[in-house]
Amino acid sequence: MKVVTSATELPSGCAFVPTMGALHGGHASLFQIAKRENENVVASIFINPLQFENQEDLAKYPKTPEFDIELAKNSGITHLWLPKRDEIYPEGFPMIKADPISELYEGASRPGHFDGVVTVVRRLFDLVKPSVAVFGEKDFQQLKLVEKIAGDVAILSAPIIRESDGLAMSSRNIRLSSEGRAAAPVIYRALSNAGSENELRDILSTEPLFTLDYADFIDEETFLAAGPNTQKVRAIVAGWINGVRLIDNMQMVKRS
Ligand code: PAF
């Protein structure tokens, strides 16, 4: 694996996985999918300041550089790109406005977040010139918004990877206290057992350490409230434990 700091050293037409580091099994699964697509697999690690709506969250974002390099080496990545801020954001770079669904759910709670995400993803794509890029379903709204700005880069989605107790893997999980970590699987229990929004919220409310932001059944494409005729319904949940924001989602299979 080559570790590079400039996009000029990357093979174009590759399979690409953008990350913000603090890598875990969820990222490893994205790398595996990328490997099936192309002999050249490029991963980037860049903590994008534009997608953090507050400086404290940016400062607290976990950083595990040595571990990341080891995990990347063992995951079949051919090029690990560690760009500097100036390469991503030169003077006068264009900011992109995300599709209006960016104003719902995660976007409502984190104003400007998705404009920052689509801006960095577009910049990364323009610099790397991949043929395909892999994104996890864990950040489901991000995945849908990236699909809208991908242009000729094919977007592959990857299923959520969970710990053995169901907690969705996330870089933020390492910030949970041991009590918080023990409480967090309530989200998976709620998603797996609820047949309605009320049931989803009821199960979540059994965990005193969990503070709810939203728990809704939505139409996967429009992000509007799911109705009786919605083809693909997804339950989406966000909230906080120990001040750490946790999000998760699951497709709901229609029960007749
Ligand atoms: O999902 C992430 O880690 C980030 O939002 C991404 C896609 C790397 C953009 O900074």
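Whatever comes next refers back to the structure up there.
Values in this document were obtained by computation on a predicted structure and should not be read as measured data.

Draft legend 1. Representation of helix H1 (residues 25-37). Taking 1.5 Å per residue as the helical rise, H1 with its 13 residues ought to reach 18 Å, and the 19 Å between its terminal C-alpha atoms agrees with that figure. Taken residue by residue, H1 has Gly26, His27, Ser29, Leu30, Phe31, Ile33 and Ala34 as its buried positions. Where H1 is buried, its residues meet strand E2 (15-19), strand E3 (41-45), helix H3 (65-73), strand E5 (132-136) and strand E6 (154-158).

Draft legend 2. Structural detail: the site of the ligand. Around the ligand sit Pro18, Thr19, Met20, Asn48, Gln51, Val120, Phe135 and Gln142, and those are all the residues in its vicinity. Between an oxygen atom of the ligand and a side-chain N or O atom of Gln51, the distance comes to 2.6 Å. At a separation of 2.7 Å, an oxygen atom of the ligand approaches a polar side-chain atom of Gln142. Of all the cavities here, the one that holds the ligand is the largest cavity. Broken down by class, the residue content of the shell around the ligand amounts to 4 nonpolar, 4 polar and no charged.

Draft legend 3. Highlighting the pairing of E5. By the criterion of burial, E5 is predominantly enclosed, with 4 of the 5 residues buried. Pairing of E2 with E5, which is carried by 2 bridges, proceeds in the parallel orientation. Along E5, the bridge assignment pairs Phe16 with Ala133. Where E5 and E6 come together, 5 bridges link them in parallel fashion. Bridged to Phe135 within E6 is Ser157. Chirality of the crossover, the property in question, places the unit of E5, helix H7 (residues 140-149) and E6 among those that are right-handed.

Draft legend 4. Geometry of the pairing of strand E8 (residues 233-241). With 8 of 9 residues buried, E8 is to be regarded as a mostly interior element. As judged from the 8 bridges shared by strand E7 (residues 211-219) and E8, these two strands associate in the antiparallel manner. By the bridge assignment for E8, Asp216 is matched with Ile236. Bridging between E8 and strand E9 (residues 244-252) involves 9 bridges; their strand directions are antiparallel. Across the sheet, the residue bridging to Ala235 is Met250, located in E9.

Draft legend 5. Molecular detail of the sheet that holds E9. Taking strand neighbours across the sheet as the criterion, the 3 strands line up as E7-E8-E9 in an open arrangement whose pairing is antiparallel. Across the chains shown, the open sheet's two edge strands, defined by having one partner strand only, are E7 and E9. Strand after strand, the sheet turns through a mean of 15 degrees between neighbouring axes, direction not considered. In this fold helix H9 (residues 186-193) packs onto E8 and E9, with an angle of close to 20 degrees to the strand it touches most, E9.

Draft legend 6. Region of interest: the packing of helix H6 (residues 113-128) against H7. Two elements in contact, H6 and H7, have axes whose closest approach is 10 Å; the angle formed by their N-to-C orientations is 50 degrees. It follows that H6 is oblique to H7 by the angle criterion. For the pair H6 and H7, the sense of crossing is right-handed. Residues Phe114, Val117, Val118, Val121, Arg122 and Phe125 of H6 touch H7, and the partners they reach there are Gln141, Gln142, Leu145, Val146 and Ile149.

Draft legend 7. Layout of the environment of Glu39. Residue placement: Glu39 occurs in the loop between H1 and E3. Here Glu39 falls in the exposed class, since its relative accessible area comes to 69%. Separated by 78 residues in sequence, Glu39 and Val117 place their C-alpha atoms 27 Å apart.

Draft legend 8. Broad picture of the sheet that holds E6. The strand order across the open sheet built from 6 strands is E1-E4-E3-E2-E5-E6, with neighbouring strands paired in parallel fashion. Only two strands of the sheet have a single neighbouring strand rather than two, namely strand E1 (2-4) and E6. Between one strand axis and the next, the sheet turns through 25 degrees on average, direction left out of account. Bridge count between E2 and E3: 5 bridges; the pairing is parallel. Bridging from a neighbouring strand, Phe16 pairs with Val42 of E3. Seen against the sheet, H1 touches E2, E3, E5 and E6 and runs at an angle of roughly 165 degrees to E2.

What counts, and at which threshold
- Residues numbered from 1 in each chain as written.
- Predicted model: local features only at pLDDT ≥ 70, side-chain atom pairs only at ≥ 80, totals over all residues.
- Heavy atoms only, no water.
- Helix = DSSP H or I, 4+ residues; strand = E, 2+ residues; numbered from the N terminus.
- Expected span 1.5 Å × (residues − 1).
- Buried < 20%, exposed > 50% of the residue type's maximum accessible area, 1.4 Å probe, protein only.
- Contact = heavy atoms within 4.5 Å.
- Near = heavy atom within 4 Å.
- Polar contact = N/O pair within 3.5 Å; in protein donor to acceptor, adjacent residues only side chain to side chain.
- 1 Å grid on protein atoms, 1.4 Å probe; cavity = no way out; pocket = protein on both sides within 12 Å on 5 of 7 lines; lining within 4 Å.
- Sits in = over half its atoms within 2 Å of the grid points.
- Nonpolar A, V, L, I, M, F, W, Y, C, P; charged D, E, K, R; others polar.
- Pairing = 2+ DSSP bridges.
- Right-handed = clockwise from strand over helix to strand, strands pointing away.
- Axes fitted to C-alpha atoms, helices over the stretch in contact; angles between N-to-C directions.
- Parallel < 35°, antiparallel > 145°, perpendicular 65-115°, else oblique.
- Left-handed = near helix turned anticlockwise from the far one by under 90°.

On their own, these measurements won't tell you what the molecule is for.
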